[in-house]
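So the chains spell out like this:
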Amino acid sequence: MDQLEIFKALSNKTRLQILQWLKEPELSFPDQKPYGYDNGICVGQIQAKAGLTQSTVSEYLSIMQRAGLVTVTRVGQWTYYKRNEEAFMALSKLVESEL
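Since this is a predicted model, take the numbers as computed values, not measurements.

Explanation requested: the nonpolar core in the structure shown.
Soluble, globular proteins show a tendency: their nonpolar side chains are buried together. Within the largest apolar cluster, 23 residues are counted, with the highest numbers of intra-cluster contacts made by Ile 18, Leu 19, Leu 22, Ile 46, Leu 61, Met 64 and Leu 69. Elements supplying a minimum of two residues to this core: α1 (3-9), α2 (13-23), α4 (43-50), α5 (54-66) and α6 (85-98). Residues within four places of Leu 69 in sequence aside, it is in contact with Ile 6, Ala 9, Leu 10, Leu 19, Met 64, Lys 82, Arg 83, Asn 84 and Phe 88.

Just checking my understanding: could you explain α5 for this structure?
Structurally, the α-helix is built with 3.6 residues per turn, so residues lying three or four positions apart point the same way. The first and last C-alpha atoms of α5 sit 18 Å apart over 13 residues, in line with the 18 Å expected at 1.5 Å per residue. Those residues of α5 lying buried are Val 57, Tyr 60, Leu 61, Ile 63 and Met 64. The buried residues of α5 occupy an angular sector of 155° when projected down its axis, which confines them to one face. Turned more than 90 degrees away from the buried face of α5, the exposed residues are Ser 55 and Arg 66. Buried positions along α5 lie against α1, α2, α4, β2 (70-75) and β3 (78-83). One or two positions beyond α5, positive phi appears at Gly 68, with a value near 85°.

What am I meant to see in the packing of α4 against α5 here?
Working note: a packed helix pair is described by the angle between its axes plus the distance between those axes. Orientation of α4 relative to α5, taken along the N-to-C sense of each, is 115°, at an axis distance of 9 Å. As far as their axial angle goes, α5 and α4 are roughly perpendicular. The chirality of how α4 crosses α5 is right-handed. Here Val 43, Ile 46, Gln 47 and Ala 50 of α4 lie close against α5, whose contacting residues are Gln 54, Val 57, Ser 58 and Leu 61.

In this structure, what is going on with the packing of aromatic side chains? I would like to understand it.
Geometry of an aromatic ring pair is reported as the spacing of the ring centres plus the angle between the planes. Under the counting rule described, the total for this entry stands at one aromatic pair. Seen from their ring centres, Trp 21 and Phe 29 are 6.1 Å apart, and the 90° between their planes marks the pair as edge-to-face. Accessibility assignment for this pair places Trp 21 and Phe 29 in one class, buried. Directly above the ring of Tyr 60 sits Arg 15, whose terminal nitrogen or CZ lies 5.1 Å from the centroid.

How do you make sense of the sheet that holds strand β1 (residues 41-42) when you look at a structure like this?
Neighbouring strands of a sheet are bound in pairs by backbone hydrogen bonds; such pairs are parallel or else antiparallel. With antiparallel pairing, the three strands of this open sheet are ordered in space as β1-β3-β2. Either end of the sheet is taken by a strand with one partner, and the two such strands are β1 and β2. Both β1 and β3 contribute to a ladder of two bridges, which runs antiparallel. Of the residues in β3, the one forming a bridge with Cys 42 is Tyr 80.

Sorry, what's going on with the side chain of Gln 32 here?
When you line up the elements, Gln 32 lands in the loop between α3 (25-28) and β1. Among the residues examined, Gln 32 registers a relative accessible area of 1% and is labelled buried. A distance of 3.2 Å separates the side chain of Gln 32 from the backbone nitrogen of Cys 42, its partner in a polar contact. Residues contacting Gln 32, with those up to four places away along its chain left out, are Tyr 37, Gly 40, Ile 41, Cys 42, Gln 45 and Tyr 80.

Cut-offs and rules
Residues numbered from 1 in each chain as written. Predicted model: local features only at pLDDT ≥ 70, side-chain atom pairs only at ≥ 80, totals over all residues. Heavy atoms only, no water. Core = buried A, V, L, I, M, F, W, Y, C linked by side-chain atoms within 4.5 Å. Buried < 20%, exposed > 50% of the residue type's maximum accessible area, 1.4 Å probe, protein only. Helix = DSSP H or I, 4+ residues; strand = E, 2+ residues; numbered from the N terminus. Contact = heavy atoms within 4.5 Å. Expected span 1.5 Å × (residues − 1). Arc of directions from axis to C-beta. Axes fitted to C-alpha atoms, helices over the stretch in contact; angles between N-to-C directions. Parallel < 35°, antiparallel > 145°, perpendicular 65-115°, else oblique. Left-handed = near helix turned anticlockwise from the far one by under 90°. Phe/Tyr/Trp six-rings, centres within 6.5 Å; stacked < 30°, edge-to-face > 60°. Lys NZ or Arg CZ within 6 Å of the ring centre and 35° of its normal. Pairing = 2+ DSSP bridges. Polar contact = N/O pair within 3.5 Å; in protein donor to acceptor, adjacent residues only side chain to side chain.

Okay, here's the thing in structure tokens:
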């Protein structure tokens, strides 16, 4: 766990918002219901909700992926993102014990 990468990833309001949306994807992305939530949320859904360009959202998601905060699944031409809950548990322990 690279602490610096994690805190850099968390230092942006929109990235924090995306992580909050991914915490409860069924509530935040009801349009994805017909496709299910097992693989995560399609980048297009995240982009539409954020109201930013796809390149900006993709960069934000890439930063969060490098920090280990989200996982990525490719299905055909689609890319899905999901929160890495294990990383958040480890981050919680880190903050509690070291900071």
